2 protein chains.
Amino acid sequence: MNKRMGNQTVAFQSEVRIFSTACVAGKKEGQGPLGKYFDVVMEDAEWGEKTWEKTESKMQRSALIRAVEKGSVEVKDINYIFAGDLLNQCISSSFGLLDFGVPFMGVYGACSTMAETIGLSAMAIDGGFADCAAAVTSSHFCTAERQYRNPLEYGNQRTPTAQWTVTGAGAAILSNKGDGPFVTHFTSGRIVDMGISDANNMGAAMAPAAADTLDAHFRDTGRSPDFYDLIVSGDLGLVGKSALIDLMYEKGFLISKNYDDCGCMIFDTKRQDVHAGGSGCGCLAVTLCGFIMDAMKAGRLKNVLFMGTGALLSPTSSLQGGTIPSVAHAVALASERM
Amino acid sequence: MNKRMGNQTVAFQSEVRIFSTACVAGKKEGQGPLGKYFDVVMEDAEWGEKTWEKTESKMQRSALIRAVEKGSVEVKDINYIFAGDLLNQCISSSFGLLDFGVPFMGVYGACSTMAETIGLSAMAIDGGFADCAAAVTSSHFCTAERQYRNPLEYGNQRTPTAQWTVTGAGAAILSNKGDGPFVTHFTSGRIVDMGISDANNMGAAMAPAAADTLDAHFRDTGRSPDFYDLIVSGDLGLVGKSALIDLMYEKGFLISKNYDDCGCMIFDTKRQDVHAGGSGCGCLAVTLCGFIMDAMKAGRLKNVLFMGTGALLSPTSSLQGGTIPSVAHAVALASERM
């Protein structure tokens, strides 16, 4: 059976559900507006580990263990783990998830990872390849800052367009049975590169990719923005959010009424000194696995379109004068199947 | 329909074919035993680009363009590109494949990438999500060496167990119609970590993961090693190949008759000064897209099991004293469907 709708979207035919989620967040994130929705808030950046990289691995492991416990599933019933992160060679995932003994599919989508892993998990289930699959990702301010920018001790000044990498990990367990919102559509994005090369302005670099994917989603499904109670992007921040609203308006879609960005939601951007807002794989992950899932399960949100946006640059490509290719993947959730 | 066989294997129900492949290889690889099977052999390590990273991107782009041309498909008919590589943030793929305008699924499987991307492409097709999908990967001696080890100018001495990163890119286009061998099974691997931490002995680190996946494949499918004309691993090299034969013997499987490793096949290990053989994502990619596809299309090989093996370490994890978690994914090919 062909499940394609248009060029970039697939519609799932079976009841693929997000059965259980859990998230671990940093102290600063815990103090933000979404703090009460996080399963675990770390007391400090180390969380008992000797290096921040090991902390980030522990965050992924803890998020998945917590999701397993909350869903009362057994690890052996998870057929695949789809996971990735921002660190070179995705070591948060490989070290964090090695003890589970579950077939491991490494993914690299930069900050689009939570949407890509949930989309792939849903494809695995709807395609008959899995009964249950887990999507896991993370980011950590300290590991990302020192890998992508400068040693933390350097204490350099940040530009107004810079974003603050969220310390957080999220795990979602998808299943073909049980409770939880349905994953109904997956719109996968193309790489878009509009020539922006300022690595301190990721929001502007990623907004065109986000607009390309949103546009594809509405065209492919025939839905309008009004269909959704909430359209949410992962980590465009204040600059990218504003750019996306404008770009979508140019394409003929008014999204400002029901659109928000996790990078703007997770921090009180006026008080928490995060400049243009949050970023990182963990930003969408903890917002989805915490706040959004809570609101869907409680009936406050019925139809949600969440979109992860990833900037596919590296420090090497930036040093070589490269631009910032970006990608966005979107997943539609519904509390009831039509 | 449930397509699972045992714990780690799925059996494809429809006719998923590797429709067209192409590969680009480096000069040294072109001088090796498989040289005549490569579509393009580069005249030097730069191939007209200013940085080796840009060369590697160009190799991926060229391999996919060549595969498109050889298969007489149109780029717009490719529904997904699954791709990844060894560079930080997988920039060979993101920069190399950005011009195609095809939904892009970034993958990180280290040197298992060719098997993971072909497995995921086959799942997308068999699951009804795609009619056509491309799997692409690459590695480049110069980019890998300076990222993982030392600046090339440093000219350090290599240990006897060290492997030589293959300069090569491969692209495989899978389709639900047309000619080419069938992709029949995908056995996805678990992360295995036996505590080895010597980053100059990847073969030994990866062999246990390879054994775990091969064992799973034989258990899940009920097949014995004799079923295959060729069982081939990606880049275990001389050390890892020998270790895998021993590990499989301990598990009760005699594989030495029809098993080989691309890292041992691609170079004349006695004459080409590559120590323990070839490695890198490109090693399996060019061997599969060149030699193996040629042999299957000509009828010299009928049933092939190819397995990518990935060492999921990073320079950071090694500097922090970390071990080398590894993973292996295996894909079964058949020239005729049973």
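It should be noted that the structure appears before, not after, this text.
Participant: Tell me about the pattern of salt bridges, residues and numbers included.
Facilitator: Residue and element names in this part refer to chain A. Using the criterion set out here, one finds 26 salt bridges over all chains in the structure. Among the ionic pairs, lysine 70 bridges to aspartate 39, the shortest N-O distance being 2.7 Å. Of this pair, lysine 70 sits in helix 2 (residues 52–71) while aspartate 39 sits in the loop between helix 1 (27–30) and strand 4 (40–41); the two residues are 31 residues apart in sequence, bridging distant segments of the chain. For lysine 70, a relative accessible area of 45% translates into the label partly exposed. Accessibility expressed as a relative area gives 25% for aspartate 39, which makes it partly exposed. As a salt-bridge pair, glutamate 53 and arginine 146 come within 2.6 Å of each other at their nearest N and O atoms. Taken together, the positions of glutamate 53 in helix 2 and arginine 146 in helix 5 (residues 141–149) put the pair 93 residues apart, joining distant regions of the chain. Classification of glutamate 53 as buried rests on a relative accessible area of 7%. Taken together, the shared-partner salt bridges in this structure form one network comprising Glu145, Arg149 and Arg158.

Participant: Outline the nonpolar core, supporting the account with residue identities and numerical values.
Facilitator: The nonpolar side chains of soluble globular proteins are, as a tendency, buried together. Counting residues in hydrophobic clusters, the biggest one holds 114 residues, and the most contacted among them are Tyr80 and Ile118 of chain A together with Tyr80 and Ile118 of chain B. Each residue touching isoleucine 118 of chain B, except ones within four places of it in the same chain, is listed here: Ile18, Ala135, Ala172, Leu174, Leu288, Phe306 and Val331 of chain B.

Participant: Describe the relation of the copies chain B and chain A, listing the residues and the values that go with them.
Facilitator: Expressed as a screw operation, the relation of chain B to chain A combines 0.0 Å of axial shift with a rotation of 180°, fitting to an RMSD of 0.0 Å. Such a combination of rotation and displacement between the chain copies is what one expects of a two-fold axis. In this assembly the copies share their binding face: 100% of the residues contributing to the interface of chain B also contribute to that of chain A.

Participant: Summarise the pairing of strand 5 (residues 80–85) of chain B; cite the residues concerned and give the values.
Facilitator: When a strand is regular, its side chains alternate between the sheet's two faces. Residue and element names in this part refer to chain B. Of all six residues making up strand 5, six are buried, and the element is well covered by its neighbours. Of the two faces of strand 5, the one lined by Tyr80, Phe82 and Gly84 and the one lined by Ile81, Ala83 and Asp85 are each fully buried. In this structure, strand 5 lies alongside strand 6 (residues 104–106), joined through three bridges in parallel fashion. Paired with isoleucine 81 across the strands is phenylalanine 104, a residue of strand 6. Read as a crossover between parallel neighbours, the route from strand 5 over helix 3 (residues 91–96) to strand 6 is right-handed.

Participant: Could you give me a rundown of the pairing of strand 15 (residues 326–334) of chain B, with the residues and numbers involved?
Facilitator: Residues and elements named next belong to chain B. Buried residues dominate strand 15, accounting for nine of its nine residues. Alternating residues of strand 15 divide into Ser326, Ala328, Ala330, Ala332 and Ala334 and Val327, His329, Val331 and Leu333, and every residue in both groups is buried. In this structure, strand 10 (residues 182–187) lies alongside strand 15, joined through five bridges in antiparallel fashion. Within the sheet, the bridge partner assigned to valine 183 lies in strand 15 and is leucine 333.

Participant: Run through unusual backbone geometry, naming residues and quoting values.
Facilitator: One non-glycine residue with positive phi stands out, namely aspartate 273 of chain A, at about 55°. If you trace the backbone, aspartate 273 of chain A turns up in the loop between helix 8 (262–265) and strand 13 (278–279). Here aspartate 273 of chain A falls in the exposed class, since its relative accessible area comes to 53%. Of note, cysteine 90 of chain B is a non-glycine position whose phi angle comes to about 50°, a positive value. Among the structural elements, cysteine 90 of chain B can be located in the loop between strand 5 and helix 3.

Calculation criteria
- Residues numbered from 1 in each chain as written.
- Chains lettered and ligands numbered in written order.
- Predicted model: local features only at pLDDT ≥ 70, side-chain atom pairs only at ≥ 80, totals over all residues.
- Heavy atoms only, no water.
- Salt bridge = Lys/Arg side-chain N within 4 Å of Asp/Glu carboxyl O.
- Helix = DSSP H or I, 4+ residues; strand = E, 2+ residues; numbered from the N terminus.
- Buried < 20%, exposed > 50% of the residue type's maximum accessible area, 1.4 Å probe, protein only.
- Core = buried A, V, L, I, M, F, W, Y, C linked by side-chain atoms within 4.5 Å.
- Contact = heavy atoms within 4.5 Å.
- Least-squares fit on C-alpha atoms with pLDDT ≥ 70 in both.
- Pairing = 2+ DSSP bridges.
- Right-handed = clockwise from strand over helix to strand, strands pointing away.

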